[in-house]
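Each chain, letter by letter, is given below.
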Amino acid sequence: MGGRQSAPEAWLPFFEWLENTAIGTAVRESIWAFPIIEAVHLLGLGLLGGALLLADLRLWGTGLTRQPITSVVRQAHPWLVAGVALMFLTGIPLFLSEAVKCYYNTSFWVKMISLPVALSFTFGARKWVVSAAPGRANWRTRLIAFISLGLWFTVAAAGRWIGFSG
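An account of the accompanying structure is given in this report. Numbers given for residues are sequential positions, taken from 1 along each chain in its written order. Local features in a predicted model are, by the rule used here, given only for residues with pLDDT of at least 70; side-chain atom pairs are given and counted only at 80 or more, and totals for whole chains, interfaces and linings are based on all residues. Excluded from the side-chain calculations are hydrogens and water; all other atoms, namely the structure's heavy atoms, are used.

1. Overview of the overall build of the protein
Here is step 1: Within the protein one finds seven helices and zero strands.
Here is step 2: If you list the helices and strands of the protein from N to C, you get α-α-α-α-α-α-α.
Here is step 3: Dimensions of the protein, computed from the C-alpha atoms along their principal axes, are close to 60 × 45 × 25 Å.
Here is step 4: Per-residue burial for the protein yields a buried fraction of 37% across its 166 residues.
Here is step 5: Contact definition: two residues touch when any of their heavy atoms are within 4.5 Å. Long-range pairs, those at least 24 residues apart, make up 82% of the contacts in the protein between residues at least 6 apart in sequence.
Here is step 6: All accessibility values rest on the Shrake-Rupley procedure with a 1.4 Å probe; residue burial counts only the protein chains present in the view. With the model as given, the accessible surface of the protein reaches about 10,100 Å², and the carbon-plus-sulfur share is 70%. For the purposes of this entry, the term helix denotes a DSSP run of H or I that reaches at least four residues, the term strand denotes a run of E that reaches at least two, and both are numbered from the N terminus. Remark: exposure states derive from per-residue accessible area (1.4 Å probe, protein chains only) relative to the maximum for the residue type, with buried under 20%, exposed over 50%, and partly exposed in between.

Pasting the structure below:
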């Protein structure tokens, strides 16, 4: 096969470069940076998870049933966005501090594949269905809630498993 590298093998030098950036090195070499950033990352997870649960449970038909679906989802949206933003802002330096470990970690790749799918679904398909949602849950809203929770559970479980594997 003439020394040609597969795409993932060709990415290793890039991951090594990422890990050796100033941010990656600073986080990795600090005694406090990683745990503090991780704690803030988990606060973002709480915001994201809470907002998703409020919205998706309402879509399912079980939570805050006296409130219209659109109202619950609309009120949870800023918290969802804040959680996503906080997780990105903290997730990047966490990743940079151990990029090579992540490169070899299957859970990292599962998270990186499922994250854009979950984000696209949440800010695309779910938003579209919610805008046309009836006052009460139906099979469409339940399906959207089920898919949303499944996607975000995959992202969260893979993210959590990064620390236990590799």
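Structure shown, so let's carry the discussion forward.
2. Details of the pattern of salt bridges
Here is step 1: Salt bridge, as used here: a side-chain nitrogen of Lys or Arg that lies within 4 Å of a carboxyl oxygen of Asp or Glu. The tally for this structure, following the rule as stated, stands at two salt bridges.
Here is step 2: In this structure, the salt-bridge partner of Arg 126 is Asp 56, at a minimum N-O distance of 2.8 Å. On the criterion of sequence distance, the pair formed by Arg 126 in helix α6 (residues 106-131) and Asp 56 in helix α3 (residues 33-60) is long-range, its members being 70 residues apart. Here Arg 126 and Asp 56 have matching classes, each one buried.

3. What about the side chain of Thr 21?
Here is step 1: Relative to the helices and strands, Thr 21 is located in the loop between α1 (7-19) and α2 (22-29).
Here is step 2: Under the relative-accessibility criterion, Thr 21 is labelled buried at 18%.
Here is step 3: Polar contact criterion, stated in full: a pair of N or O atoms within 3.5 Å, where within protein one must be able to donate a hydrogen and the other to accept it, and residues adjacent in sequence count only if both atoms are side-chain atoms. At 2.8 Å, the side chain of Thr 21 forms a polar contact with the backbone oxygen of Leu 18.

4. Things to note about the packing of aromatic side chains
The description of two aromatic rings rests on the distance between their centres and on the angle between their planes.
Here is step 1: Stacked, edge-to-face and tilted labels apply to pairs of Phe, Tyr and Trp rings (six-membered ring for Trp) whose centres lie within 6.5 Å, assigned for plane angles under 30 degrees, over 60, and everything in between, in that order. If you walk through the whole model with that rule in mind, you get 11 aromatic pairs.
Here is step 2: Ring centres of Phe 95 and Phe 108 lie 5.3 Å apart, and the angle between their planes is 5°; this geometry places the pair in the stacked category. Residue Phe 95 is found in helix α4 (residues 69-97), and its partner Phe 108 is found in helix α6; the two are separated by 13 residues along the sequence. Here the two residues Phe 95 and Phe 108 agree in accessibility, since each one is buried.
Here is step 3: Their ring planes at 85° and their centres at 4.8 Å tell us that Tyr 103 and Tyr 104 sit as a pair that is edge-to-face.
Here is step 4: The class of Tyr 103 is buried, set by a relative accessible area of 11%.
Here is step 5: One aromatic cluster is present, built from ring pairs that chain together Trp 11, Phe 14, Phe 15, Trp 17, Phe 95, Tyr 103, Tyr 104, Phe 108 and Trp 109.

5. Brief notes about the layout of surface pockets
Here is step 1: Quantified by volume, the largest pocket comes out at close to 940 Å³.
Here is step 2: Grid spacing is 1 Å over the protein atoms alone, the probe is 1.4 Å, and a cavity is where that probe fits but cannot get out, while a pocket is an open set with protein on both sides within 12 Å along at least five of seven lines and lining residues have an atom within 4 Å of a point. If you go around the largest pocket, you meet 33 residues; those closest to its centre are His 41, Met 87, Lys 111, Gly 159 and Arg 160.
Here is step 3: Sorting the residues of the lining of the largest pocket by element identifies α3, α4, α5 (99-103), α6 and α7 (139-162) as the ones contributing at least two each.
Here is step 4: Classification used: nonpolar for Ala, Val, Leu, Ile, Met, Phe, Trp, Tyr, Cys and Pro, charged for Asp, Glu, Lys and Arg, polar for all others including Gly. Considered class by class, the residues forming the lining of the largest pocket number 23 nonpolar, five polar and five charged.
Here is step 5: Space inside the second largest pocket adds up to approximately 210 Å³.
Here is step 6: Those elements that place two or more of their residues in the lining of the second largest pocket are α4 and α6.
Here is step 7: No other element matches the six residues that α6 contributes to the lining of the second largest pocket.
Here is step 8: For the lining of the second largest pocket, the residue count by class is four nonpolar, four polar and three charged. Grid points are joined across faces, edges and corners, and a volume is the space filled by probe spheres set on the points.

Shape is all these values report; function is a separate question.
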